[in-house]
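Commentary on secondary and tertiary structure
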Amino acid sequence: MAPADLPGDTPGFRPVVSIAGSVDKLNLALAKPTKPTTVYIQDACIQHRFIRSRDTSAIVEKPERLRAVNVGLAAAMARLESTVTKAEPDDTGGLVAALNKLNLASSDVDPLSPPNLAVSVVKSSTSVDILRHPAVKFVHGDVDGDVYLENIKAWARDSHDKIAKSESEIPEGLSQGDLYLCPTSINAIQGAIGTVCEAIDDVVGSTSCKRAFVSIRPPGHHCGEDTPAGFCFVNNVTIGAAHAHLQHGINRVVILDIDLHHGNGTQSIAWQINEETYRKTLESEALQEGGAAPHKPGLQVFYGSIHDVLSYPCEDGKADLVQAASVSLHGPHGQHIENIHLQPYTSDEHFFDVLYKERYIQLLKKAEDFLANTKGNNDDVMVFISCGFDACEHEYPSMSRHGRKVPTSFYHRFTQDACAFAERHAHGRLVSVLEGGYSDRALTSGAMAHLCGLAQQGNSNVDKEWWSLENLEKLEKATKKRRGGRPSIPAAGSVEPWLERAVAIFAALDPGAGQKPPAFVAPTSMTLRGRKKADAGGGSPALTARPLDAGATEQAPQAEIPADAPPAPKKLPRVILHVRPPQDDR
């Protein structure tokens, strides 16, 4: 791990869309978010694409994930806006009522400027150079040279040429199924890091913005110091923690990981940070006995995770990974780690009244113990959420095939509890960073519930029926991608007001609309799936689905073949099989 005394980068200005105030046309002046909750989106993140072949039907970590998240965010904003409109008296001589009757799809009205809502949206264009940024080097750098960081840039830069020669852009020894790169992937990686750091700067430095949701990709919590894995090439959350420490004097960080999968990379990096801080503390205490001055406080990290220990990275039962995902250590050797395993539930009441109250809320209680037992005050504390939605009840069955799920309302309830925790211990400062989640419905519903928890902490107006199956189906139908990449905005009054409003907001949020994908590389024999050789009887090659780790690939449906069936013909069709998500999850 690189030394911390490196020069800082000065983040640039960026356009901000305020979901409040005037309904004039959007002013992209240099501005800051003005509301307690801010959503950050980064268009560069859609540039990370799979280019080994034309068939991407088996790829679940793809740019369309951000589109599904944006649908959920738009729906949350529309719903929250309606509660504010109903709750607040109209002291403007009917102005609010008149504004609400406007056709928000009209070209004369910016869809991201309603009269009232406690959310700002930042369309970030901030990027960093991973070879120069202090926080990136703190986490992934090397004292003798940034070998890993240089490798990432080289792998992405050379990916097109490698694939064109039927080679893999991912070096041998790393997972070919969980990792992929294209030449523009580095833009996505550096843009994602820049956006996380930008959100931290605003949350720490702003007098108004206290909570942020950062919608970025690729995710990060499986990436260790120099080991990419599970779609992750850099660890976004720990880089954010390092940035908060180096730039803003945050010495105690709480990371709450609610992804279905254990964040083994985040825990490993947190362990290293805590180990180094503990060593320096012991050395300083010994020197103080000789009259030396106390050393500057180092970064201390609490890492707590709620996850399925049967899923990636523990799915193969490797002892070191299973043990790491089961550690509970609080204080000894300077470590602060809590891991809680998800359990099956039989009803929402069973989940919230038993599992949540008796097991899952322990994550926040252990985090409170960490803060109580370490030196400092609320000024040096910040809370992060590694926010994966792949434990959602609406995730693909093949992703959550062990039955360790959570109801969608978990993302609302836990977020509210985490915000209350941040209010008590960190002046409310909380940054949530997107991790996993792969089916559109899981991402949309999870993002909707999560933003409602961030923006309406303790507000009883939020209704879990907002993300009911019936309303999700309405939302999916209204935002279905059509020719040109955008949803067709319905005419005023043709649908429910919240749905009409959600479609208008989504059209303004969606980063992929109108953007062309990177140049396609000619198809090769390499994909994320492996094929078995034909058997001795001359049967056709069989598609094999590797274990679905970290959501790497969606498994192909396996049809049962009768024992007396005739052998398949040797001549194969040009297209053997397209693997698509199960229809019942759409």
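The structure under discussion appears in the preceding block.
Below: a short report on this structure. Remember, predicted model here, so these are calculated numbers, not experimental data. Within each chain, residues carry numbers counting from 1 in the order of the written sequence. With pLDDT at 70 or above as the cut-off, local features in this predicted model cover only qualifying residues; side-chain atom pairs require 80 or more to be listed or tallied, and sums for whole chains, interfaces and linings still use all residues. With hydrogens and water stripped out, all remaining heavy atoms of the structure feed into the side-chain values.

Let's talk about the overall build of the chain
Stated precisely, the cut-off is as follows: Secondary structure elements follow DSSP: runs of H or I no shorter than four residues count as helices, runs of E no shorter than two count as strands, and numbering proceeds from the N terminus. Residue exposure (1.4 Å probe, protein chains only): buried if accessible area is under 20% of the type maximum, exposed if over 50%, otherwise partly exposed. Note on contacts: a residue pair qualifies if any of its non-hydrogen atoms lie within 4.5 Å across the two residues. Each accessible area value is a Shrake-Rupley result obtained with a 1.4 Å probe; residue values ignore everything except the protein chains displayed when judging cover.
Helix and strand content of the chain: 14 helices and 12 strands. A burial count over the chain gives 53% of its 586 residues as buried. Within the chain, residue pairs in contact and separated by at least 24 positions form 79% of the contacts whose partners lie at least 6 positions apart. For the chain, the computed accessible surface area is about 24600 Å², with 52% contributed by carbon and sulfur atoms.

Topic: the environment of Gln 247
Here Gln 247 is to be found in helix α6 (residues 236-248). In this structure Gln 247 comes out as partly exposed when scored by relative accessible area, which is 33%. Along the backbone, Gln 247 and Pro 134 are 113 residues apart, and their C-alpha atoms lie at a distance of 9.2 Å.

Thoughts on the nonpolar core
Heads up, the rule is: For the purposes of this section, nonpolar cores are sets of buried Ala, Val, Leu, Ile, Met, Phe, Trp, Tyr and Cys residues that join through side-chain atoms within 4.5 Å.
Core analysis: the largest hydrophobic core is formed by 133 residues, its most contacted members being Phe 414 and Val 431. When sequence neighbours within four positions are dropped, the list of residues in contact with Val 431 reads Ala 199, Ile 200, Val 203, Ala 212, Val 214, Met 382, Val 383, Phe 384 and Ile 385.

Some remarks on the pairing of strand β5 (residues 252-257)
Put simply, side chains in a regular strand alternate between the two faces of the sheet. Where we set the bar: Pairing between two strands requires that DSSP report at least two bridges joining them.
By the criterion of burial, β5 is predominantly enclosed, with six of the six residues buried. The two faces of β5 match: Arg 252, Val 254 and Leu 256 on one face and Val 253, Ile 255 and Asp 257 on the other face are all buried. For β5 and strand β6 (residues 300-307), the ladder comprises six bridges, and the chain directions are parallel. Bridge pairing in β6 links Val 254 to Phe 302.

Looking at the pattern of salt bridges
Between side chains of opposite charge, a pair can form as their charged atoms come close. The following threshold applies: Think of a salt bridge as a Lys or Arg side-chain nitrogen and an Asp or Glu carboxyl oxygen that are within 4 Å of each other.
Going through the model one piece at a time under the given rule, you end up with 20 salt bridges. Glu 167 serves as the salt-bridge partner of Lys 162, at 3.6 Å between the closest nitrogen and oxygen. Two residues, Arg 401 and Glu 315, come together in a salt bridge whose shortest N-O distance is 2.5 Å. In this pair, Arg 401 is assigned in the loop between β9 (381-387) and α11 (409-425) and Glu 315 in the loop between β6 and α8 (319-324), connecting sequence segments 86 residues apart. The exposure class of Glu 315 is partly exposed, given its relative accessible area of 22%.

A few points about empty space enclosed by the protein
Test applied: Using a 1 Å grid laid over the protein atoms alone, points where a 1.4 Å probe fits but cannot get out form a cavity; open sets with protein on both sides within 12 Å along at least 5 of 7 lines form a pocket; any residue with an atom within 4 Å of a point counts as lining. Grid points are joined across faces, edges and corners, and a volume is the space filled by probe spheres set on the points. Just so you know the grouping, Ala, Val, Leu, Ile, Met, Phe, Trp, Tyr, Cys and Pro go in nonpolar, Asp, Glu, Lys and Arg go in charged, and all remaining residues, Gly too, go in polar.
Counting across every chain of the model gives five cavities of 30 Å³ or more. Taken as a whole, the largest cavity encloses approximately 40 Å³ of empty space. For the lining of the largest cavity, a count of residues per class yields five nonpolar, five polar and two charged.

Structural notes on the pairing of strand β8 (residues 336-341)
For β8, a buried count of five out of six residues is recorded, marking the element as mostly surrounded by other parts of the structure. In the sheet, β6 pairs with β8 via five bridges, with the strands oriented parallel. By the bridge assignment, Tyr 303 is partnered in β8 with Ile 337. By the bridge criterion, three bridges tie strand β7 (residues 328-330) to β8 in an arrangement that is antiparallel. Following the sheet pairing, Ser 328 is matched in β8 by Glu 338. In this antiparallel pair of consecutive strands, β7 and β8, the connection spans five residues, and Gly 331 shows a positive phi of 115 degrees.

Some remarks on the packing of helix α12 (residues 440-455) against helix α13 (residues 469-478)
Our working definition: Angular values range over 0 to 180 degrees, each being the angle between N-to-C directions of two axes fitted as lines to C-alpha atoms, with helices fitted over their stretch in contact. For this classification, under 35 degrees means roughly parallel, over 145 means roughly antiparallel, 65 to 115 means roughly perpendicular, and everything else is oblique.
Look at α12 against α13: their axes get within 11 Å of each other, and the N-to-C directions meet at 110 degrees. When the axis of α12 is compared with that of α13, the two are roughly perpendicular. Where α12 abuts α13, its residues Arg 441, Thr 444 and Ser 445 lie against Leu 469, Leu 472, Glu 473, Leu 475 and Glu 476. For the contact of α12 with α13, the class distribution of residues is three nonpolar, two polar and three charged.

A look at the side chain of Ser 185
Mapped onto the elements, Ser 185 comes out in helix α5 (residues 185-205). Taking relative accessible area as the criterion, Ser 185 reaches 0% and is therefore assigned buried. Once residues lying within four places of it in the same chain are set aside, the contact partners of Ser 185 are Gln 47, His 48 and Arg 49.

Some thoughts on α11
Stated precisely, the cut-off is as follows: Under the convention used throughout, the expected extent of a helix is 1.5 Å for every residue step, that is, one less than its residue count.
Here α11 spans 24 Å end to end across 17 residues, near enough to the 24 Å set by a 1.5 Å rise per residue. Across the 17 residues of α11, 12 count as buried, placing the element largely inside the fold. Where α11 is concerned, the buried positions are Ser 409, Phe 410, Tyr 411, His 412, Phe 414, Thr 415, Gln 416, Ala 418, Cys 419, Phe 421, Ala 422 and His 425. Of the residues flanking the end of α11, it is His 427, one or two places downstream, whose phi is positive at about 55 degrees.

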